[in-house]
Amino acid sequence: MRVAIFASGNGTNFEALADDKRLLESGLEIVVLVCDKPKAKVIKKAQDRNIPVFVNKLSDYENRSQYEQAIVEKLAPLKIDYILLAGYMRVVTPTLLSQYPGKIINIHPSCLPKYSGLEAIERAFEAGENQTGVTIHYIDEGVDTGPVIRQAVVPILDTDTVDTLEARVHEKEHEIYPEVVLDLLKKFN
Ligand code: GAR
């Protein structure tokens, strides 16, 4: 199964997927990293693993549609089966979505529909919630909407700071994103 991973930041989820031996043994091929931030740490993580990187900046285009059209053209010859968003901090529009219907998966650091959008962990913490979580879902044309594949709860402890909570949310992400992809591989093969 050939995938493109899209990421904008640190790339810890990228790493969790790229370094999971179960996924490689089950036929996962990470064909390209698509990154919209030229200075993102995830770029080096891909280069260190000999995974090709396509850096594509929105500001190089007149509009979002042209930006995504460049991605569509880059991916077309690569015969991508699925796109895995792993900390890709942009809304995907119909230009890309229409080319990969039902084939784009996102990870979000909350139990959607709660805390969609940016700074989900911070907002759950500030609101005094006693739990938050992680959602992995197929995307649709909305922001952090679309059919849920898997959700996991992360308790918010009295002793938590935003940083300790964020670390535990990430830990949960790194556990369940590879598991979801493993399930997908089993169905794909
Ligand atoms: C992750 O927590 C992911 O859930 C979140 O960005 C972080 C990326 O971390 N994604 C979103 O908020 C998407 N709306 P990483 O770069 O270390 O994988």
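Every value quoted in this text rests on a predicted model; they were computed, and no experiment measured them.

Conventions we followed
Residues numbered from 1 in each chain as written. Predicted model: local features only at pLDDT ≥ 70, side-chain atom pairs only at ≥ 80, totals over all residues. Heavy atoms only, no water. Helix = DSSP H or I, 4+ residues; strand = E, 2+ residues; numbered from the N terminus. Rg over C-alpha atoms; globule rule 2.2 N^0.38 Å. Contact = heavy atoms within 4.5 Å. Areas by Shrake-Rupley, 256 points an atom, 1.4 Å probe, with all protein chains shown as cover. Lys, Arg positive; Asp, Glu negative; His and termini not counted. Charge placed at Lys NZ, Arg CZ, Asp CG, Glu CD. Expected span 1.5 Å × (residues − 1). Buried < 20%, exposed > 50% of the residue type's maximum accessible area, 1.4 Å probe, protein only. Polar contact = N/O pair within 3.5 Å; in protein donor to acceptor, adjacent residues only side chain to side chain. Near = heavy atom within 4 Å. Pairing = 2+ DSSP bridges. UniProt positions renumbered as here; feature names shortened; annotations may be inferred. 1 Å grid on protein atoms, 1.4 Å probe; cavity = no way out; pocket = protein on both sides within 12 Å on 5 of 7 lines; lining within 4 Å. Points joined across faces, edges and corners; volume = space filled by probe spheres on them. Nonpolar A, V, L, I, M, F, W, Y, C, P; charged D, E, K, R; others polar.

A closer look at the overall build of the protein chain
Line of reasoning, step 1. Across its full length, the protein chain holds seven helices and seven strands.
Line of reasoning, step 2. Listing the helices and strands of the protein chain from first to last along the sequence gives β-α-α-β-α-β-α-β-α-β-α-β-β-α.
Line of reasoning, step 3. Taking 189 residues into account, the globule formula puts the C-alpha radius of gyration at 16 Å, and the protein chain, at 16 Å, falls close to it.
Line of reasoning, step 4. With the C-alpha coordinates aligned to their principal axes, the bounding extent of the protein chain is approximately 50 × 40 × 30 Å.
Line of reasoning, step 5. Sequence-distant contacts in the protein chain: of pairs separated by 6 or more residues, those separated by 24 or more amount to 62%.
Line of reasoning, step 6. Carbon together with sulfur atoms contributes 51% to the accessible area of the protein chain, which is approximately 9500 Å² in total.
Line of reasoning, step 7. In the protein chain, 22 positive and 28 negative side-chain charges are present, and the distance between their average locations comes to 4 Å.

Re helix α4 (residues 64-75)
Line of reasoning, step 1. Taking 1.5 Å as the rise per residue, α4 with 12 residues should run 16 Å; its terminal C-alpha atoms sit 17 Å apart, in good agreement.
Line of reasoning, step 2. Every buried residue of α4 is listed here: Y67, E68, A70, I71, V72 and L75.
Line of reasoning, step 3. Packed against the buried residues of α4 are β1 (2-7), β2 (29-35), β3 (53-55), β4 (82-85) and α5 (94-97).
Line of reasoning, step 4. With a side-chain oxygen positioned 3.2 Å from the backbone nitrogen of S65, the residue opening α4 is N63.

Some words on the site of the ligand
Line of reasoning, step 1. The environment of the ligand is formed by 13 residues, the closest being G11, T12, N13, H170 and E173.
Line of reasoning, step 2. Contact between the ligand and T12: an oxygen atom at 2.5 Å from a side-chain N or O atom of the residue.
Line of reasoning, step 3. At a separation of 3.2 Å, a nitrogen atom of the ligand approaches a polar side-chain atom of H108.
Line of reasoning, step 4. Bound to the protein, the ligand loses 89% of the 450 Å² it would expose on its own.
Line of reasoning, step 5. For the shell around the ligand, the secondary structure elements donating two or more residues are α1 (12-18), β5 (104-108) and α7 (162-188).

Overview of the pairing of strand β6 (residues 131-138)
Line of reasoning, step 1. Burial analysis of β6 places six of its eight residues in the buried class, the great majority of the element.
Line of reasoning, step 2. As judged from the four bridges shared by β5 and β6, these two strands associate in the antiparallel manner. Note on β6: the bridge partner recorded for H108 is T135.

Thoughts on the UniProt feature "site: Raises pKa of active site His" (unreviewed entry) in the protein chain
Line of reasoning, step 1. In the numbering used here, UniProt assigns the feature "site: Raises pKa of active site His" (unreviewed entry) to D144.
Line of reasoning, step 2. Here D144 is to be found in the loop between β6 and β7 (148-155).
Line of reasoning, step 3. On the basis of relative accessibility, which here comes to 18%, the residue D144 falls in the buried class.
Line of reasoning, step 4. Every residue in contact with D144, bar those within four places of it in the chain, is listed here: N106, H108, L112, S116, G117 and H137.
Line of reasoning, step 5. Polar contacts involving the side chain of D144 include one to the side chain of N106, which spans 3.5 Å.

Some remarks on the layout of surface pockets
Line of reasoning, step 1. By volume, the largest pocket is sized at about 920 Å³.
Line of reasoning, step 2. Lining the largest pocket are 36 residues; nearest its centre among them are G87, Y88, M89, I107 and P109.
Line of reasoning, step 3. Those elements that place two or more of their residues in the lining of the largest pocket are α1, β5, α6 (120-126) and α7.
Line of reasoning, step 4. Looking at side-chain class alone, the lining of the largest pocket contains 14 nonpolar, 14 polar and eight charged residues.

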